[in-house]
Amino acid sequence: MVILVTGGAGFIGANFILDWLRVNDEPVLNLDKLTYAGNLENLTSLTGDARHVFVQGDIGDRVLLDKLLAEHRPRAIVNFAAESHVDRSIHGPEDFIQTNVVGTFHLLEAVRGHWTNLPDDEKAAFRFLHVSTDEVYGSLEVGDAPFTESTPFSPNSPYSASKASSDHLVRAYHHTYGLPMLTTNCSNNYGPHQFPEKLIPLMILNATRGKPLPIYGDGMNVRDWLYVTDHCSAIRTVLQNGRLGETYNIGGWNEMPNIEIVKTVCALLDEMRPDAAGPYTRLLTYVTDRPGHDRRYAMDASKIHQELGWKPAETFETGIRKTVRWYLDNMQWVENVASGEYRKWLDTNYAERGAQ
Ligand code: NAD
Ligand code: DAU
């Protein structure tokens, strides 16, 4: 038995594989294109471990997919592979359409061809779990009820529109062809190995370098934060016991405005790595907002709790403390990813924003 994980060299995919192999021995075939966000250094602890097989490749490569499915006959696929950063989707949406929409389509076609020809017992046991986001539901105002699985899709960025498209394709392949699909929509993750283009690792990295901490707009946009290993345990739960064709919201019941997140990071840095120049909040800098910036996300995760018994193990206090500690203890990892391409991105995204 083996499972196929796509995008397993990225932030959540790598955490998922590390966790998966910590809690059971079923091997993982990891298909990842190794874009700027994919990093095999996330998986160095698995070097020499025969349970992890890595293949560099694109989910849109039908020939490769057909070959991998025929050779390895995975009993399940967990699809993490995606372009994932909203700001990048604003600067250049094409890669998002190619991977998140066209790539997912090719993956689904390959899976359809494979699954259709499986013997009945393997067909019945097979699962395809598509990993998606709360951003497909659009934006909430303060006081609105959190998103449920029946909230209509209303994506606002090229990223969320591309993810919504892939969710619809997954739904259609279940409805039309009977493929055994599961979809999860999760809120903002944080934790080890997150690429420092995202809010929390960017703030840690900039603070330790004495650079400005760029807060978009008024800093009052709200996200629901979940520690990454809790997302991983939710995915394992849905993979094992989720009802076919269903979607499950995953969230941390932990809404916070961005400015509070960044101040919490600053306070932990003050404690763990005090700076003689003064408290890290001195670096807070309000900058031009993200175009079309969604105001608030909030997830109602009661379905996965009531049906499948899942709830997060970490609180924000425990999770953010582990996260800051991990980045401070792994500055070499950070230095290695903060290379040429990364610096180019910082110039693209931040040079023109300026302080407000
Ligand atoms: P990430 O950007 O860190 O990693 C994405 C991975 O996918 C990288 O390893 C990259 O190399 C790989 N990849 C990209 N295009 C590919 C392609 N065409 N073929 C094969 N591999 C490809 O992303 P992440 O934050 O780990 O997110 C993983 C998934 O979870 C995404 O689908 C994202 O939409 C979803 N998600 C993320 C969050 C979050 O807060 N980060 C929350 C909810 C859902
Ligand atoms: O909600 C789930 C989504 O969370 C995932 O689907 C995406 O893949 C993931 O990237 C994340 O999207 P966000 O846009 O919410 O994450 P990001 O870390 O980019 O930004 C979080 C908030 O912080 C958002 O309101 C924008 C703000 N922000 C971000 C950056 C990078 C800043 O204020 N300053 C910054 O420099």
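The sections below set out a description of the structure shown in this document. (Residues numbered from 1 in each chain as written. Chains lettered and ligands numbered in written order. Predicted model: local features only at pLDDT ≥ 70, side-chain atom pairs only at ≥ 80, totals over all residues. Heavy atoms only, no water.)

### Describing the site of ligand 1
The environment of ligand 1 is formed by 28 residues, the closest being I12, D32, S84, Y159 and K163. A distance of 3.0 Å separates an oxygen atom of ligand 1 from a polar atom in the backbone of F80. A distance of 2.7 Å is found between an oxygen atom of ligand 1 and a side-chain nitrogen or oxygen belonging to K163. Those elements giving two or more residues to the shell around ligand 1 turn out to be α1 (11–23), β5 (127–133), α6 (158–177) and β7 (188–190). If you tally residues by element for the shell around ligand 1, the top one is β5, at 3 residues. Residues that form the shell around ligand 1 fall into these classes: 12 nonpolar, 12 polar and 4 charged. (Near = heavy atom within 4 Å. Polar contact = N/O pair within 3.5 Å; in protein donor to acceptor, adjacent residues only side chain to side chain. Helix = DSSP H or I, 4+ residues; strand = E, 2+ residues; numbered from the N terminus. Nonpolar A, V, L, I, M, F, W, Y, C, P; charged D, E, K, R; others polar.)

### Notes on the site of ligand 2
Around ligand 2, a shell composed of 24 residues is seen, among which D134, Y159, R290, H293 and Y350 lie nearest. Y350 places a side-chain nitrogen or oxygen 2.6 Å from an oxygen atom of ligand 2. Of all the secondary structure elements, the ones that give two or more residues to the shell around ligand 2 are α7 (199–208) and β8 (213–216). The element best represented in the shell around ligand 2 is β8, accounting for 3 residues. A breakdown of the residues in the shell around ligand 2 according to their chemical character gives 10 nonpolar, 8 polar and 6 charged.

### Things to note about the nonpolar core
Ranked by internal contacts, the top residues of the largest apolar core, which has 39 residues, are I200, L269, I320 and V324. Mapped onto this core, the elements with two or more residues apiece are α7, β8, β9 (222–227), α9 (258–272), α11 (316–329), α12 (331–337) and α13 (340–350). Excluding residues within four positions of it along the chain, L269 makes contact with I204, A207, T208, P274, Y280, V324 and L328. With 33 residues, the next largest nonpolar core counts I3, V5, C186 and V238 among its residues. (Core = buried A, V, L, I, M, F, W, Y, C linked by side-chain atoms within 4.5 Å. Buried < 20%, exposed > 50% of the residue type's maximum accessible area, 1.4 Å probe, protein only. Contact = heavy atoms within 4.5 Å.)

### Some words on α13
Listed in full, the buried residues belonging to α13 are Y342, W345, L346, N349 and Y350. The arc that holds every buried residue of α13, seen down its axis, measures 105°, which confines them to one face. What points out from α13, more than 90 degrees from its buried face, is the exposed set K344 and D347. Buried residues belonging to α13 abut α3 (86–91), α7, β8 and α12. (Arc of directions from axis to C-beta.)

### Topic: the pattern of salt bridges
Applying the stated criterion to the full structure yields 25 salt bridges. For D87, the salt bridge is made with R290, and the minimal N-O distance between the two is 2.7 Å. One end of the pair, D87, is in helix α3; the other, R290, is in the loop between β12 (284–287) and α10 (302–308), and 203 residues separate them in sequence. Neither D87 nor R290 differs from the other in exposure class; each is buried. Across the pair E314 and K322 runs a salt bridge, and its minimum N-O distance is 2.5 Å. Linked through salt bridges whose partners overlap, the residues forming this network are R88, E197, K198 and E341. (Salt bridge = Lys/Arg side-chain N within 4 Å of Asp/Glu carboxyl O.)

Interpretation note: all reported values are geometric properties and have no functional meaning in isolation.
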